[in-house]
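Below are the chains, spelled out letter by letter.
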Amino acid sequence: MQWSAIKAHNLEVVGSNPTSATISWCGSKVEQLICNQQVGGSIPSTSSINAMKELKGVVEINEIISELVSQFDCTCDMGLDFSYYYDSSKITWTVLITETADSSFNEFVKKEYPEITADIFLWSLLHEIGHHETCDFWSESEQLHFDKLKDELEKENTDKDYLTSCIEYYHIPDEYEATKWAANYILNNEDYLKGFWERLQEAIINFYVVNNIE
Ligand SMILES: [Zn+2]
């Protein structure tokens, strides 16, 4: 398996009830790369992304994701991380996962929204749509200020631990509002998302299987 950064993760069902089931997949505890901060680990170079897009099952995943993001006039593509591009309203998604002791975004959303159960892939995707839906909240100077805070967090990585930096990042107002939008969307569209996630996780599991990723 040449894509060492790709690891199957436990896919979680959507729901606002805390007892919902988890589909067991790979047993290892893994973290999905969700923010744009620099992180360690074996991440393929940008040139690898085009080869990665050639992997079996990528087109099928993208088609399902497109059904959701197109409802918000966004487009989507596989990328090296989950991102939202303001200029083109494009959202990138990833199956790249970095292993750390804990999943920081998962930890953050579980603490902020204990009533919601959803897979971190879905949270990450909806967070990016949340950026699209909330970016008008901010003036240009506010957005510049947030970007500066993010730059500073990246530079501070040496004296702050990774989890602390990530949690601070998620609290920067534009990030916080994007996640809040995602939470409200999940709570208001549970039935739709359950069906959507069933099809999407089937496509992701198929991707893992046909490419022999464990
Ligand atoms: Zn974000």
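Residues numbered from 1 in each chain as written. Predicted model: local features only at pLDDT ≥ 70, side-chain atom pairs only at ≥ 80, totals over all residues.

### Regarding the overall build of the protein
Then, number 1: If you tally the helices and strands in the protein, you get eight helices and seven strands.
Then, number 2: When each of the 214 residues of the protein is scored for burial, the buried share is 30%.
Then, number 3: In the protein, the proportion of contacts linking residues at least 24 apart, taken out of those at least 6 apart, comes to 70%. (Helix = DSSP H or I, 4+ residues; strand = E, 2+ residues; numbered from the N terminus. Buried ≥ 20, exposed ≤ 12 C-beta atoms within 10 Å, placed from the backbone. Contact = placed C-beta atoms within 7 Å.)

### Looking at the nonpolar core
Then, number 1: Ile 65, Trp 123 and Leu 125 are the most contacted members of the largest nonpolar core, which has 35 residues in total.
Then, number 2: Counting only elements with at least two residues in this core, the list comes to helix H2 (58-69), strand S6 (90-93), helix H3 (104-112), helix H4 (120-134), helix H6 (162-171), helix H7 (173-188) and helix H8 (190-210).
Then, number 3: Here this core takes seven residues from H4, the largest share from any one element.
Then, number 4: Ignoring any residue separated from it by four or fewer positions in sequence, one finds Leu 125 in contact with Ile 65, Phe 82 and Trp 93. (Core = buried A, V, L, I, M, F, W, Y, C linked by C-beta atoms within 7 Å.)

### Here's the deal with the packing of H3 against H6
Then, number 1: At their nearest, the axes of H3 and H6 sit 9 Å apart, and the two run at 50° to each other. Judged by the angle between their axes, H3 and H6 are oblique. Judged by the twist between their axes, the crossing of H3 over H6 is right-handed. In this structure, H3 contributes Ser 104, Phe 105 and Phe 108 to the contact, and H6 contributes Leu 163, Cys 166, Ile 167 and Tyr 170.
Then, number 2: Within the contact of H3 with H6, the residues separate by chemical class into six nonpolar, one polar and no charged. (Axes fitted to C-alpha atoms, helices over the stretch in contact; angles between N-to-C directions. Parallel < 35°, antiparallel > 145°, perpendicular 65-115°, else oblique. Left-handed = near helix turned anticlockwise from the far one by under 90°. Nonpolar A, V, L, I, M, F, W, Y, C, P; charged D, E, K, R; others polar.)

### As for the environment of Leu 187
Then, number 1: Checked against the element boundaries, Leu 187 lands in helix H7.
Then, number 2: Residue class for Leu 187 comes out partly exposed when judged on the 13 C-beta atoms lying within 10 Å of it.
Then, number 3: Through-space distance from the C-alpha of Leu 187 to that of Ile 116 is 7.5 Å; in sequence the pair is 71 residues apart.

### Thoughts on H6
Then, number 1: Along H6, the residues classified as buried are Ser 165, Cys 166, Tyr 169 and Tyr 170. Projected down its long axis, H6 carries its buried residues within an arc of 135°, all on one side.
Then, number 2: Looking at the buried side of H6, the elements it contacts are H3, helix H5 (140-155) and H7. (Arc of directions from axis to C-beta.)

### Here's the deal with the sheet that holds S6
Sheet strands pair via backbone hydrogen bonds, and the direction of the pair is either parallel or antiparallel.
Then, number 1: Across the sheet, three strands lie side by side as S4-S6-S5; this open sheet has mixed pairing. Strands with a single pairing partner mark the edges of an open sheet, and in this sheet they are strand S4 (75-78) and strand S5 (83-85). Ignoring which end each strand starts from, the neighbouring axes of this sheet average 25° apart.
Then, number 2: Bridging between S4 and S6 involves four bridges; their strand directions are parallel. Following the sheet pairing, Cys 76 is matched in S6 by Ile 91. (Pairing = 2+ DSSP bridges.)

### Concerning the pairing of S6
Then, number 1: Alternating positions in S6 separate cleanly, Ile 91 and Trp 93 being buried on one face and Lys 90 and Thr 92 remaining unburied on the opposite face.
Then, number 2: Adjacent in sequence and paired antiparallel, S5 and S6 are bridged by four residues, among which Ser 89 carries a positive phi angle near 55°.

### Considerations on the confidence of the model for the protein
Then, number 1: In this model, the protein carries a mean pLDDT of 79, and residues with pLDDT of at least 70 account for 73%.
Then, number 2: Low pLDDT, under 50, characterises residues 17-42; the stretch is placed with 64 contacts to residues that sit more than four places away or in other chains. (pLDDT = per-residue confidence, 0-100.)

### Notes on the environment of Glu 67
Then, number 1: Within the secondary structure layout, Glu 67 lies in helix H2.
Then, number 2: Given 12 C-beta atoms within a 10 Å radius, Glu 67 is considered exposed.
Then, number 3: Distance from Glu 67 to Phe 196, taken between C-alpha atoms, is 9.0 Å for residues 129 residues apart in sequence.

### Considering the packing of H3 against H4
Then, number 1: Relative to each other, H3 and H4 sit at 80°, their axes nearing to 10 Å. Relative to H4, the element H3 lies roughly perpendicular. Side by side, H3 and H4 meet where Phe 105, Asn 106 and Val 109 of the first sit next to Ile 120, Trp 123 and Ser 124 of the second.
Then, number 2: Partitioned by chemical class, the residues of the contact of H3 with H4 number four nonpolar, two polar and no charged.

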